[in-house]
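Survey of secondary and tertiary structure
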Amino acid sequence: MVTDSPSSVPELRGTPVVPGVAYGPAVVARGEVSAEAVAAFGDGGYADDEGALAAFDAAAAEVADGFATKAESATGAAAEVLGASAGLARDRGLRGAVRKNLRGGSPLLVAVHDAVEQFVGTFTKMGGLMAERVTDLRDIEKRLVARIVGEPEPGVPTPSEPSVLVAEDLAPADTAGLDPAVVVALVTERGGPTSHTAIIARQLGIPCVVGVADLLAVEAGTLLLVDGTTGLLTPDPDADEARRLVADDAERRAALETWSGPGATADGLAVKVLANVADGESARSAATAPVEGVGLFRTELCFLNRSEEPSVDEQAAIYTEVLAAFGDVGHVVVRTLDAGSDKPVAFATLAGEENPALGVRGLRLSFGNPGLLSRQLDAIAAAARATGTETWVMAPMVATVAEAADFASAVRSRGLKAGVMVEVPSAALLAHRMLEVVDFLSIGTNDLTQYTMAADRMATDLAHLTDPWQPAVLQLVAITAEAGRQAGKPVGVCGEAAADPLLACALVGMGVTSLSMAAAAARPVGARLASVTHDQCEEAAEAALAAADPAAARAAVLALLS
Ligand code: PEP
Ligand code: MG
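Now for a quick tour of the structure. For every chain, the first residue of its written sequence is number 1, and the numbers climb from 1 along that sequence. Ligands are numbered from 1 and chains lettered from A, in the order in which they are written. Under the rules for a predicted model, residues below a pLDDT of 70 receive no local features and side-chain atom pairs below 80 are neither given nor counted, while totals for whole chains, interfaces and linings still include all residues. With hydrogens and water stripped out, all remaining heavy atoms of the structure feed into the side-chain values.

A word on the coordination of the magnesium ion (ligand 2). The coordination sphere of the magnesium ion (ligand 2) contains the protein donors Glu-423 (OE) and Asp-447 (OD), at a distance range of 2.0 Å. Residue Glu-423 is located in the loop between strand E14 (417–422) and helix H15 (425–429), and its partner Asp-447 is located in helix H17 (residues 445–453); the two are separated by 24 residues in the primary sequence. Each of the two residues, Glu-423 as well as Asp-447, counts as buried. Think of the donor list as every N, O and S atom within 2.8 Å of the metal, or within 3.2 Å for Na, K and Ca; water never makes the list, so a site can look incomplete. A run of H or I in DSSP counts as a helix once it spans at least four residues, and a run of E counts as a strand once it spans at least two, with each numbered from the N terminus. Using a 1.4 Å probe on the protein chains alone, a residue whose accessible area is under 20% of its type maximum counts as buried, one over 50% counts as exposed, and one in between counts as partly exposed.

What follows is the structure in structure tokens.
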């Protein structure tokens, strides 16, 4: 949406996903090699296949070296992603496929494209983590083509001064090496609140706005003021005013760093601030943040690269690592396998579903394969016994009260506390009846938004719909929280909505009793909550529920809580 600012400079607006104010020149990530350069290159005019293969080798070496250099200055998961991309660019199998295509008479660019497509097909069939590498393969192809035709590689330029990174969308390999010292904000034309860009920005604590229509009309070098709370982008603002806003924001953010928990409003209403974790390593890292436990352990993420179901003992060892990290700190909510749809797990997921998001995913996998669930529950119970950690267990993708009741009795028979996720509108509408059969509910706003708005959470063009501030989504959250209040049972939020400090306050005003999020978001959320009273949270909830759309809801809550 383009609106007119008071200075008549066109402002841009998108979906804000990480709060904070930033100001700097736009650096534009180029997504594609220019069509003109490719057309001018044609078949490359090589004398023979060997000449074309030598050109490929030179390009592959340059691309691989570029990734390797970036990997050296990155750490953790980022370094791994970049190192793996360097390996793919140098892969002997890829080179062999290019050579075969050249010998079959294809011009070089076609030979490279077909070789990459062959790998894409293989990786997609393998599923899981390998399927996720498809984005990286396509990124490598663009880089190879750019090198071959003599253009700079597409992707993220390394800015020489603190800059706002502007892109259509960002691939994992683009964001893996980002340095928050020089990239002060991320802004994308596509992507939603759960996109890869949003998740990385949240981890790095960089202000971020996604789904900004007409963003790519902004020229490189344009000075941009980015507000990650309102979603507003102002090109060429008054420079002094922009610097003042950035300085005020830096002061506010520095104050957040001192928040050390436990979660509570300014007038003392306790609200548990919890972490979302994926494995032992992320749990140990989360345990160093000011959180009171784990609100969501996504167990399926431990098995994305497994073709066979791990034994009960092996599963127990994996869960033990996570439970042990929080033994002294608080409780851990373990979610049973949420395989399927965007998280295929080879040994659990059904192949060839027409519409996997509405298919046999999450708890539904246990209908045809009850052993899968019972073996996982045995393993969780064994890990709970081994560690002594207070362990709650919940099921994903629950649609009926009968499903909740069956799941709860299976969990309770192992001596553990049982709950279900509220991700399907039917579960929210019947939350009061769900709570008759379970001990707690946890609202997964990512999927609840997807299913309420009938908008694929991975769709890059639907950010305005895949927004948890949508009034219809908030209504369902409010219904669920009110059911919890009446039953006197905990109702948490563990979707990305909990990581949004403003929305978190409104959720508490609706009656939500815990907020679970990426550990990096705990301080901003906890500090914001500590700055407002319970009454203010309730007013914020009412205002958000009454608003006509997400932008109006954000503006109303911001005005009330500032
Ligand atoms: C959710 O749907 O909000 C949720 C927390 O589950 P996931 O993101 O893992 O689907
Ligand atoms: Mg979900």
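Having seen it, we continue.
Before going further, it helps to spend a moment on the side chain of Thr-449. Tracing the chain through its elements places Thr-449 in helix H17. A distance of 2.5 Å separates a polar side-chain atom of Thr-449 from the backbone oxygen of Thr-445. Each polar contact in these results corresponds to two N or O atoms within 3.5 Å; when the atoms are within protein, one needs to be able to donate a hydrogen and the other to accept it, and residues that are neighboring in sequence are counted only if both atoms are side-chain atoms.

Think of a pair of aromatic rings as described by two things: how far the centres are apart, and how the planes are tilted against each other in angle. Side-chain rings of Phe, Tyr and Trp (the six-membered ring for Trp) are treated as a pair once their centres are within 6.5 Å; stacked means planes under 30 degrees apart, edge-to-face means over 60, and tilted covers the remaining angles. Going through the model one piece at a time under the given rule, you end up with five aromatic pairs. Seen from their ring centres, Phe-303 and Phe-347 are 6.0 Å apart, and the 65 degrees between their planes marks the pair as edge-to-face. Of this pair, Phe-303 sits in the loop between strand E11 (293–298) and helix H11 (312–325) while Phe-347 sits in the loop between strand E12 (331–335) and helix H12 (365–368), and the two are 44 residues apart along the sequence. The residues Phe-303 and Phe-347 share a single accessibility class, namely buried. Aromatic pair Trp-392 and Phe-440: ring centres 4.8 Å apart, planes at 50 degrees, arrangement tilted. Of the two residues, Trp-392 sits in strand E13 (residues 391–395) while Phe-440 sits in strand E15 (residues 440–443), which places them 48 residues apart along the sequence. Accessibility expressed as a relative area gives 10% for Trp-392, which makes it buried. Grouped by ring-pair contacts, the aromatic residues Phe-297, Phe-303, Tyr-319 and Phe-347 constitute a single cluster.

All right, on to the nonpolar core then. Residues Val-420, Leu-441, Leu-507 and Leu-515 are the most contacted members of the largest nonpolar core, which totals 96 residues. Apart from residues no more than four positions distant in its own chain, Leu-515 is found in contact with Val-271, Lys-272, Val-273, Leu-274, Val-493, Ala-498, Ala-504, Leu-507, Val-508, Val-525 and Leu-529. To form a nonpolar core, buried Ala, Val, Leu, Ile, Met, Phe, Trp, Tyr and Cys residues must be joined to one another through side-chain atoms within 4.5 Å. The next biggest cluster of nonpolar side chains, apart from the first, holds 37 residues, and it includes Leu-53, Ala-59, Leu-94 and Val-134. By the convention used here, residues are in contact when the closest approach between their heavy atoms is within 4.5 Å.

This part takes up the site of ligand 1. With respect to spatial proximity, 14 residues lie near ligand 1, and among them Arg-298, Arg-335, Lys-343, Asn-446 and Arg-457 are the closest. Within the side chain of Arg-457, a nitrogen or oxygen atom sits 2.8 Å from an oxygen atom of ligand 1. Contact with the protein chains hides 99% of the accessible area of ligand 1, taken as 290 Å² for the molecule alone. If you list the elements that add at least two residues to the shell around ligand 1, you get E11 and H17. Top element by residues in the shell around ligand 1 is H17. It accounts for three residues. Each residue is assigned to one of three groups, with Ala, Val, Leu, Ile, Met, Phe, Trp, Tyr, Cys and Pro labelled nonpolar, Asp, Glu, Lys and Arg labelled charged, and all others, Gly among them, labelled polar. Partitioning the shell around ligand 1 into residue classes produces three nonpolar, four polar and seven charged. What makes a residue near a molecule or strand is one non-hydrogen atom of that residue sitting within 4 Å of it. Note on areas: these come from Shrake-Rupley sampling with a 1.4 Å probe, and a residue is covered only by the protein chains present in the view.

On to the pairing of strand E17 (residues 514–517). Every second residue of E17 is oriented toward a common face, with Ser-514 and Ser-516 on one face and Leu-515 and Met-517 on the other, all of them buried. Strands are labelled as partners when DSSP assigns at least two bridges between them. As paired elements, strand E10 (residues 272–277) and E17 share four bridges and run parallel to each other. What sits directly across from Lys-272, in E17, is Ser-514. Here strand E16 (residues 491–493) pairs with E17 via two bridges, running parallel. When the bridges of E17 are listed, Val-493 appears paired with Leu-515. In this fold, E16 hands off to helix H19 (residues 501–510), which returns the chain to E17; that crossover is right-handed. If the strands point away from the viewer and the path from the first strand over the helix to the second runs clockwise, then the crossover is right-handed.

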